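Per-entry structural report
Take a look at the letters that make up each chain.
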Amino acid sequence: QVGVHIADVTHYVKAGTAIDLEAANRSTSTYLVNKRLDMLPSLLTTDLCSIKGNVDRYAFSILWEVTPEADIVDVDFKKTIIHSIAALTYQQAQSLIDEPKDNGEIQVGAVKRLASLARKFRSRRIAAGALTS
């Protein structure tokens, strides 16, 4: 099973409230060279709605049942509470992918399996005519 999760902001921001209306007015967070203009208050964007390692978080999730050959056999969308085993930078994740073998650590095995699936999905997209990989 592979899951993709995004923080469930609706758990903290109710429809029609002042925060919801201001967020709708801003429509997105804006990232500048030396500054960030958040759509929501920083307590939400940097803490409560930020998916972090070893912390339970409310999320919207898509869950795929996927074979080792990257065939999707089932899909489910749901509200969840997730507990991520790590928060990795791109460089940290790449280091795990580049490990010569799976050393038995959960993080290494999980990242290597996801990277393998990603290569298979990318290959199919290219074969189907995708313009970019």
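Refer to the structure printed above.
Below is a short write-up of the structure. As a convention, each chain's residues are numbered from 1 in the sequence order in which they are written. Only residues with pLDDT of at least 70 get local features here, since the model is predicted, and only at 80 or more are side-chain atom pairs given and counted; chain-wide, interface and lining totals rely on the full set of residues. No hydrogens and no water enter the side-chain calculation; it runs on all heavy atoms of the structure.

Helix and strand assignments come from DSSP, with helices taken as H or I runs of at least 4 residues and strands as E runs of at least 2, each series counted from the N terminus. Turning to its location among the elements, Phe121 is positioned in helix H4 (residues 106-127). Remark: exposure states derive from per-residue accessible area (1.4 Å probe, protein chains only) relative to the maximum for the residue type, with buried under 20%, exposed over 50%, and partly exposed in between. Its relative accessible area of 29% is what places Phe121 among the partly exposed residues. Sequence-wise, Phe121 and Asn54 are 67 residues apart; in three dimensions their C-alpha atoms are separated by 28 Å. Ignoring sequence-local partners within four residues, the contact set of Phe121 consists of Val66, Ala70 and Ile72. Note on definitions: a residue-residue contact is assigned when non-hydrogen atoms from the two residues lie within 4.5 Å.

Okay, the layout of surface pockets next. Lining residues are those with an atom within 4 Å of a point, where the points come from a 1 Å grid over the protein atoms alone and group into cavities, where a 1.4 Å probe fits but cannot get out, or pockets, open sets with protein on both sides within 12 Å along at least five of seven lines. Grid points are joined across faces, edges and corners, and a volume is the space filled by probe spheres set on the points. Of the voids in this model, the largest pocket is the one considered here, and its volume is about 1500 Å³. When residues of the lining of the largest pocket are traced back to their parent elements, those giving at least two are strand S1 (2-7), strand S4 (56-66), strand S5 (72-83), helix H3 (90-98) and H4. Here the element with the most residues in the lining of the largest pocket is H4; it accounts for 14 residues. Across the lining of the largest pocket, the residue classes break down as 23 nonpolar, eleven polar and five charged. Quantified by volume, the second largest pocket comes out at close to 240 Å³. Looking at the second largest pocket, the residues that line it are Val9, Thr28, Ser29, Tyr31, Arg36, Asp38, Met39, Leu40, Leu44, Thr45, Cys49 and Ser50. Basically, the charged four are Asp, Glu, Lys and Arg, the nonpolar ten are Ala, Val, Leu, Ile, Met, Phe, Trp, Tyr, Cys and Pro, and anything else, Gly included, counts as polar. Within the lining of the second largest pocket, the residues separate by chemical class into six nonpolar, four polar and two charged.

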